[in-house]
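Close look at the chain arrangement
Take a look at the letters that make up each chain.
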Protein chains: 2
Amino acid sequence: MKKAEVYVEASGISEVRRQAVEVTEGLKRMYFDVVRPLEADFLFNEFHSSPWGVGDFDARPSILLIGQYSTGKTSFIKFLIGRDFPGQRIGPEPTTDRFMAVMYGDQERCIPGNAAAAQADRPWTGLQKFGVEFLNRFECSEVPAPVLQEITLIDSPGILSGEKQRLQRGYDFVKVCRWFAERADKILLLFDAHKLDISDEFKRTIEGISFAHSKISVVLNKADMISHQELMRVYGALMWSLGKVMKTPEVARVYVGSFWENAKTDHIFVKLFQQERADLLSDLRTLPKASSMSKVNELVRRCRLLKVHICIINELKESMPSFFGKSKKTQELIENLGDIFLQVQKRHQLAVGDFPNLEDFKEKLNGFDFAKFKKMNTSKMDRLDHVLSFEIPKLINNMTEDSKGKVLNPFE
Amino acid sequence: MKKAEVYVEASGISEVRRQAVEVTEGLKRMYFDVVRPLEADFLFNEFHSSPWGVGDFDARPSILLIGQYSTGKTSFIKFLIGRDFPGQRIGPEPTTDRFMAVMYGDQERCIPGNAAAAQADRPWTGLQKFGVEFLNRFECSEVPAPVLQEITLIDSPGILSGEKQRLQRGYDFVKVCRWFAERADKILLLFDAHKLDISDEFKRTIEGISFAHSKISVVLNKADMISHQELMRVYGALMWSLGKVMKTPEVARVYVGSFWENAKTDHIFVKLFQQERADLLSDLRTLPKASSMSKVNELVRRCRLLKVHICIINELKESMPSFFGKSKKTQELIENLGDIFLQVQKRHQLAVGDFPNLEDFKEKLNGFDFAKFKKMNTSKMDRLDHVLSFEIPKLINNMTEDSKGKVLNPFE
Ligand SMILES: Nc1ncnc2c1ncn2[C@@H]1O[C@H](COP(=O)(O)OP(=O)(O)OP(=O)(O)O)[C@@H](O)[C@H]1O
Ligand SMILES: Nc1ncnc2c1ncn2[C@@H]1O[C@H](COP(=O)(O)OP(=O)(O)OP(=O)(O)O)[C@@H](O)[C@H]1O
Ligand SMILES: [Mg+2]
Ligand SMILES: [Mg+2]
């Protein structure tokens, strides 16, 4: 295979990127202009989740790679972005000794983990809790490779067999993998067909991230290094054991092939490998679109929750006496919150599913001074409705047919 | 593929058969001339297992086929023996409605289950316990196909999805499968790549016979009916689920291909299928040899147990007083049986592992009149030693190198 940006080759990158940017910018505008001010007025964040930052919109979908050492994780990244990247180390012995976020940058540079985790506009601040031992083993590699405008790749240190590595690490490998797995849009487990091996720690890691099973795919790499009959045995053995480790009845998708630029062309199964590679690349290519759509989805969900929240608070405020007996009335209202929910739901024709949990809400209301909430402002509410009923549907309509199919349209 | 006796083609059947017959006849002679009379003299069968019959020597190794309906079990048998057999029914709907033992006979004929199970010289008497409802659904099909001189094939009714079939059967399918599985030398689980399906009952059946996992192989049949990429998915899914059902860490051997005379020749994986078929046939071909060797093995084991048994009994007899105090002495001997075992072992230089369980033996001795045992006859004992030290080793040496390799030589 020629060295080239394989991922990009057939992806029509500019169009995808253009759309992703358009969606992101649209969502940002709606959120910061309309939604966030209302959240502040009605203390939404104290009842639901914390406000979103710019980084939450800008973050690119990420792919996490995990596997035993020398299964070809780093080579896979090099193959995907079509070039070398700063800090990349490839070799037959255990080479990558740290987690590396390979991401877009105008220039090649490496940012050490401590520095990267300290920057609030980057998505790595959460990694600080794993301590300095871990941050010393974390690095961002910025590269001006076009594919990285769409996705971020997370390389990980290869897992060795035996306990020595685990004891020497100084941080909890499985927990770190869980952290990345929660945030990843795709998790690739790499296996080496030529040396199939699932160590205890790899097994524990797979178990640890199995909550994310719908995002997990498997790559059986270096498949062209063994005969086709051997490959069937190895592949069978892999599935046999994976099924036991992953517990889920749904079978993980496995891509069988050789995922680097030197794939052989004379193997009996070469056609299979080529199709598998094409499938994997096209599956990865859907990530940015799926990620755009899921961002839209999340904003819609948040707007709905917010609307219900405001209606409830407004109902409570309006029921309060102007001068005396406020605290007694507050208690009374909290006790009858169930009825108030019903009333609000009917009056504003809201979906029951958008209401918060009754008991949780009661607890949070307790001790709140209702005077702290702003008064409902009709024009602001109209703008929220406009976002929900016009702006977001318009954004979705502008996304291509193809991308719409991938994730459920939140309006359907 | 041409219609031919595929199994036979490359097996050198006459040589294998000649050897098997030679071994069987040799073993029979030793057992009935030397061993069995000694067993009778020393009531061996009351302490160990019941005496062997001619049928135990003559029985051919058997292959049991199990699978959902229409996975190609009956077609597989037809393919293996290279011809049709009486009672054979093949078709896309559920066809085989009974268990069928397809075995050698000089002429084509069907023997109904009730009759077959009533004949003491056939290995089916044990099936009577499953009742007449089952025996009505059992049949022997005798065919003069050379391959059946070496092996017997057990066809089974295909399993349907859903509970209806199970409720209507009138016998316990899983238990019957267990019975055949215990006696089989190989169990083939057939799956249809084109319509992969593991019903609850098939799952229960696999679990029920999983004690015999070392004898289980899997056939992924009709593999040429789907594309190679689909096949990889199906194969992966099969292994994923089988690993969960079979529990053992060792991966079952799966033969992927199309096992009938109409296998396609234009599939991308055709070479794989051909190799897999060759592997399966050659694995099946080892069965008669392995079975001969394991018969030898069992006889050696039995001779050793017998020798130890006779030495113990003889020691006990010799310790008895001639006239008075017999019953008191008997009790005393039983209490000190441990010491007597040690004494016997040293005097005759016997292996500790050939001694029976002390407590079991004590219990069986209780209430026995030692006078019932014959006196030890030196010339008979010498013949037993001759069998162990000369005749059996000679028999083994006459078996070809190839067959010796398959099962551990009991003398090594
Ligand atoms: N598809 C492939 N087929 C054959 N060899 C490969 C393939 N991909 C990578 N290799 C070789 O395997 C070795 C390990 O590759 P690489 O360093 O990329 O693995 P890794 O999983 O990142 O290892 P580590 O866990 O140590 O970082 C290298 O020698 C590389 O050239
Ligand atoms: N290797 C094969 N490839 C494609 N079709 C096959 C193959 N083997 C058998 N068939 C077809 O599948 C159907 C079922 O075959 P068969 O009756 O042998 O299956 P079976 O497992 O014995 O079914 P049952 O459980 O009902 O007895 C038939 O139509 C047969 O021609
Ligand atoms: Mg690496
Ligand atoms: Mg059949």
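So, a few notes on the structure that sits alongside this text. (Residues numbered from 1 in each chain as written. Chains lettered and ligands numbered in written order. Predicted model: local features only at pLDDT ≥ 70, side-chain atom pairs only at ≥ 80, totals over all residues. Heavy atoms only, no water.)

Before going further, it helps to spend a moment on the overall build of chain A. In terms of regular secondary structure, chain A is built from 17 helices and eight strands. Within chain A, contacts between residues at least 6 apart in sequence are counted, and of these 80% link residues at least 24 apart. Looking at chain A as shown, the accessible area adds up to about 18,800 Å², and 50% of this sits on carbon and sulfur atoms. (Helix = DSSP H or I, 4+ residues; strand = E, 2+ residues; numbered from the N terminus. Contact = heavy atoms within 4.5 Å. Areas by Shrake-Rupley, 256 points an atom, 1.4 Å probe, with all protein chains shown as cover.)

Next up on the list: the site of ligand 1. Residue and element names in this part refer to chain A. In the region of ligand 1, 21 residues are neighbours, and Lys 73, Thr 74, Ser 75, Thr 95 and Thr 96 sit closest. Here an oxygen atom of ligand 1 sits 2.9 Å away from a polar atom, N or O, in the main chain of Ser 70. Interatomic distance of 2.7 Å between a backbone N/O atom of Thr 95 and an oxygen atom of ligand 1. Burial of ligand 1 by the protein chains amounts to 91% of its free accessible area of 630 Å². With three residues, the top contributor of residues to the shell around ligand 1 is helix α5 (residues 73-81). Its residues assigned to classes, the shell around ligand 1 comprises seven nonpolar, eleven polar and three charged. (Near = heavy atom within 4 Å. Polar contact = N/O pair within 3.5 Å; in protein donor to acceptor, adjacent residues only side chain to side chain. Nonpolar A, V, L, I, M, F, W, Y, C, P; charged D, E, K, R; others polar.)

Take the packing of helix α9 (residues 173-183) of chain A against helix α10 (residues 200-208) of chain A next. Residue and element names in this part refer to chain A. Across the interface, α9 lies against α10 with an axial gap of 9 Å and an inter-helix angle of 35°. Of the two possible hands of crossing, α9 and α10 adopt the one that is right-handed. Contacts between α9 and α10 involve Phe 173, Val 174, Cys 177 and Arg 178 from the former and Glu 201, Arg 204, Thr 205 and Gly 208 from the latter. (Axes fitted to C-alpha atoms, helices over the stretch in contact; angles between N-to-C directions. Left-handed = near helix turned anticlockwise from the far one by under 90°.)

Residue and element names in this part refer to chain B. On the protein side, the magnesium ion (ligand 4) has Thr 74 (OG1) and Thr 96 (OG1) as donor atoms, found 2.0 Å from it. Placement of Thr 74 in helix α5 (residues 73-81) and of Thr 96 in the loop between α5 and β2 (99-104) is noted, with a sequence separation of 22 residues between them. Take Thr 96: its relative accessible area is 15%, and that puts it in the buried class. (Donors = N, O, S within 2.8 Å, 3.2 Å for Na, K, Ca; no water. Buried < 20%, exposed > 50% of the residue type's maximum accessible area, 1.4 Å probe, protein only.)

This brings us to the interface of chain B and chain A. Taken together, the 29 residues of chain B in the interface contact 29 residues of chain A. Here chain B meets chain A over a buried area of about 2,500 Å², counting both sides, of which 65% is carbon and sulfur. Joining chain B to chain A, the criterion identifies two salt bridges. Measuring nitrogen to oxygen at the nearest pair gives 3.0 Å for the salt bridge that ties Arg 233 of chain B to Glu 276 of chain A. Listed by contribution, the elements that provide at least two residues to the side of chain B that touches chain A are α11 (228-246), β8 (253-256) and α12 (270-319) of chain B. With 13 residues, the single largest contributor to the side of chain B that touches chain A is α11 of chain B. (Buried area = accessible area lost by both parts, 1.4 Å probe. Salt bridge = Lys/Arg side-chain N within 4 Å of Asp/Glu carboxyl O.)

Residues and elements named next belong to chain A. Reading across from one edge, β3-β4-β2-β5-β1-β6-β7-β8 is the order of the eight strands in this open sheet, with mixed pairing throughout. Only two strands of the sheet have a single partner each, and these edge strands are β3 (109-112) and β8 (253-256). This sheet shows a mean twist of 20° between the axes of neighbouring strands, independent of strand direction. Summarising the sheet, strand β2 (residues 99-104) and strand β4 (residues 138-143) pair through six bridges and their orientation is parallel. (Pairing = 2+ DSSP bridges.)

So, on to the site of ligand 2. Residue and element names in this part refer to chain B. Taken together, 21 residues form the shell around ligand 2, and within it Lys 73, Thr 74, Ser 75, Thr 95 and Thr 96 come nearest. The separation between an oxygen atom of ligand 2 and a polar main-chain atom of Gly 72 is 2.9 Å. The side chain of Lys 73 places a nitrogen or oxygen atom 2.7 Å from an oxygen atom of ligand 2. Protein coverage of the free-state accessible area of ligand 2, which is 630 Å², stands at 91%. A per-element tally of the shell around ligand 2 places α5 first, with three residues. Residue composition of the shell around ligand 2, grouped by class: seven nonpolar, eleven polar and three charged.

The next subject is the relation of the copies chain B and chain A. One copy of the chain maps onto the other through a rotation about an axis plus a displacement along that axis. Overlaying chain B with chain A gives an RMSD of 0.2 Å, the required rotation being 179° about an axis along which the chain moves by 0.1 Å. Taken together, the rotation and translation relating the two chain copies correspond to the operation of a two-fold axis. With an isologous cut-off of 70% or more, the 100% of interface residues of chain B that recur at the interface of chain A puts this contact in the isologous class. (Least-squares fit on C-alpha atoms with pLDDT ≥ 70 in both.)

This next bit is on the sheet that holds strand β3 (residues 109-112) of chain B. Residues and elements named next belong to chain B. Taken together, eight strands build an open sheet; the order of strands is β3-β4-β2-β5-β1-β6-β7-β8 and the sheet is mixed. Edge positions in the sheet fall to β3 and β8, since each has one partner strand and no second. Neighbouring strand axes in the sheet, compared pairwise and without regard to direction, differ in orientation by 20° on average. Two elements, strand β7 (residues 216-221) and β8, share four bridges in a ladder whose sense is parallel. Directly across from Ser 217, in β8, lies its bridge partner Arg 253. Each of β6 (186-192), β7 and β8 touches α11; the most contacted strand, β7, lies at about 155° to it.

All names here are of chain A. Counting buried residues along strand β7 (residues 216-221), six of its six residues qualify, which places the element largely inside the surrounding structure. Burial along β7 is two-sided: the residues Ile 216, Val 218 and Leu 220 and Ser 217, Val 219 and Asn 221 are all buried. In the sheet, strand β6 (residues 186-192) pairs with β7 via six bridges, with the strands oriented parallel. Looking at the pairing, Leu 190 lines up with Val 219 of β7. In this region the chain leaves β6, passes through α10 and returns to the parallel neighbour β7; the handedness of that crossover is right-handed. (Right-handed = clockwise from strand over helix to strand, strands pointing away.)

One finds Trp 124 and Phe 180 of chain A together with Trp 124 and Phe 180 of chain B to be the most contacted residues of the largest nonpolar core, which totals 108 residues. When sequence neighbours within four positions are dropped, the list of residues in contact with Phe 180 of chain A reads Leu 64, Phe 99, Trp 124, Leu 127, Phe 134, Phe 138 and Ile 154 of chain A. (Core = buried A, V, L, I, M, F, W, Y, C linked by side-chain atoms within 4.5 Å.)

With respect to the helices, strands and loops of the structure, Lys 28 of chain B is situated in helix α2 (residues 13-41). If sequence neighbours within four positions are ignored, Lys 28 of chain B has contacts with Asp 33, Val 54, Phe 57 and Asp 58 of chain B.

Turning our attention to the environment of Gln 107 of chain B. Residue and element names in this part refer to chain B. Looking at the element boundaries, Gln 107 is found in the loop between β2 and β3. A relative accessible area of 59% places Gln 107 in the exposed class. When the C-alpha positions of Gln 107 and Leu 272 are compared, they lie 37 Å apart, and in sequence the two are 165 residues distant. The residues contacting Gln 107, other than those within four sequence positions of it, are Glu 142, Val 143 and Pro 144.

All names here are of chain B. In strand β5 (residues 152-155), alternate side chains face the same way, and those of Thr 152 and Ile 154 on one face and Leu 153 and Asp 155 on the other are all buried. Bridge count between strand β1 (residues 62-67) and β5: three bridges; the pairing is parallel. Bridge pairing links Ile 63 to Leu 153 in β5.

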